[in-house]
Amino acid sequence: MAGVFVAAALLALLSAGSCEEKVFLQRAGTAFNSRPFSSILNVTNGGEVLEPGPGPEMCPESFYAVGFSLRVEPKQYGLDDTALNGIRLICAKDGDRSFLYYIESHTGYFGEWSHTMYCPAGYLTSFQIRVEPHQGLFGDDTAVNNIKFRCSSHPTLEGPGMSWGEYGHWSQECQDGGICGIETKMEEYQYGLDDSTLNDVRFHCCSASQK
């Protein structure tokens, strides 16, 4: 009788596994950079690195950002802290989250990617960043520490970043659509000196009428 129960349990487990929805996730990279956009979202409290990045990455046509993940280095306890190193946007089409692309522009080298946070419905439409100001000649700069997004369905999502610095003002909102592209400003690797990595970010909006 025990063998029957074991066999039944295994069959139930296999059946549950076969019913799980499979998710396709692929990096879009720069393949869709020619996609037209309606506006760009900026904030005014970014870090001090002035060099432009390698350019934006865009979601494919008819795809919009529905979630995000962060690359965060935890506190280094006396060593060089860098905090937020990268932002990855997850792009979906028409609410279908089984076939996804991701975009991230330029990212730093430190930390691990967090779990993905999703809007319960709709798209990401505006953002706010937490930035530590410049710490002086001998200080440890971290620049951008965390980010918040608002969804078109109204929830606010805050990433699992670090807590140095303060949040600035919210960006403008995407109108008639959502965020569809990302462009970061990154301090390049400093080879043993003070790294601040991610210093600023801006996002592209695409309108629903541009599908």
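Before any of the text, the structure's been laid out above.
Residues numbered from 1 in each chain as written. Predicted model: local features only at pLDDT ≥ 70, side-chain atom pairs only at ≥ 80, totals over all residues. Heavy atoms only, no water.

*Asks:* Help me understand the overall build of the protein, please; the structure alone is not making it clear to me.
*Replies:* Across its full length, the protein carries one helix and 14 strands. Taking all 211 residues of the protein together, the buried fraction comes to 45%. Partitioning the contacts of the protein with sequence separation of at least 6, the portion at a separation of at least 24 is 73%. When the accessible area of the protein is evaluated, it comes to approximately 10,900 Å², of which 56% is carbon and sulfur surface. (Helix = DSSP H or I, 4+ residues; strand = E, 2+ residues; numbered from the N terminus. Buried < 20%, exposed > 50% of the residue type's maximum accessible area, 1.4 Å probe, protein only. Contact = heavy atoms within 4.5 Å. Areas by Shrake-Rupley, 256 points an atom, 1.4 Å probe, with all protein chains shown as cover.)

*Asks:* I would appreciate a short explanation of the nonpolar core in the present structure.
*Replies:* Among soluble globular proteins, nonpolar side chains are generally buried collectively. Residues Ile87, Leu89, Phe149 and Phe203 are the most contacted members of the largest nonpolar core, which totals 36 residues. At the level of elements, strand S4 (63-72), strand S5 (84-93), strand S6 (96-103), strand S9 (124-131), strand S10 (144-151), strand S13 (177-186) and strand S14 (198-207) are the ones that each hand at least two residues to this core. In terms of residue count, the dominant contributor to this core is S4 (five residues). Filtering out sequence-adjacent residues up to four positions away, Leu89 remains in contact with Ala65, Gly67, Phe68, Tyr101, Tyr102, Ile103, Leu124, Phe149, Ile179, Gly181, Ile182 and Phe203. Listed in part, the ten residues of the second largest apolar core include Met58, Ala92, Leu100 and Tyr123. (Core = buried A, V, L, I, M, F, W, Y, C linked by side-chain atoms within 4.5 Å.)

*Asks:* I'm lost on the state of the cysteines in this one. Help?
*Replies:* The term disulfide refers to a covalent linkage connecting the sulfur atoms of a pair of cysteines. Applying the stated criterion across every chain yields a total of four disulfides. The disulfide bridge from Cys59 ends at Cys91, spanning 2.1 Å between sulfur atoms. Across the S-S bond linking Cys59 and Cys91, the dihedral sits near -65 degrees, which makes this disulfide left-handed. Pair noted here: Cys59 is in the loop between strand S3 (57-58) and S4 and Cys91 is in strand S5, with a separation of 32 residues, a long-range link. Take Cys59: its relative accessible area is 0%, and that puts it in the buried class. Residue classification places Cys91 among the buried positions, given a relative accessible area of 0%. Here Cys174 pairs with Cys205 through a disulfide, and the sulfurs are 2.0 Å apart. As the torsion about the S-S bond is roughly -75 degrees, the Cys174-Cys205 disulfide counts as left-handed. With a gap of 31 residues between them, Cys174 in the loop between strand S12 (166-167) and S13 and Cys205 in strand S14 connect regions that are remote in the sequence. Each bonded cysteine in the protein gets a number by its place in the sequence, and the pairs come out as 1-2, 3-4, 5-7, 6-8. (Disulfide = S-S within 2.5 Å.)

*Asks:* Would you explain the packing of aromatic side chains in this entry?
*Replies:* Two aromatic rings are characterised by how far apart their centres lie and by the angle between their planes. Under the counting rule described, the total for this entry stands at nine aromatic pairs. With 4.5 Å between their ring centres and 10 degrees between their planes, Phe24 and Phe99 make a pair best called stacked. Note that Phe24 is positioned in strand S1 (residues 24-27) and Phe99 in strand S6, a separation of 75 residues in sequence. In this structure Phe99 comes out as partly exposed when scored by relative accessible area, which is 34%. Ring geometry for Phe149 and Phe203: centres 5.3 Å apart, planes at 70 degrees, overall edge-to-face. (Phe/Tyr/Trp six-rings, centres within 6.5 Å; stacked < 30°, edge-to-face > 60°.)

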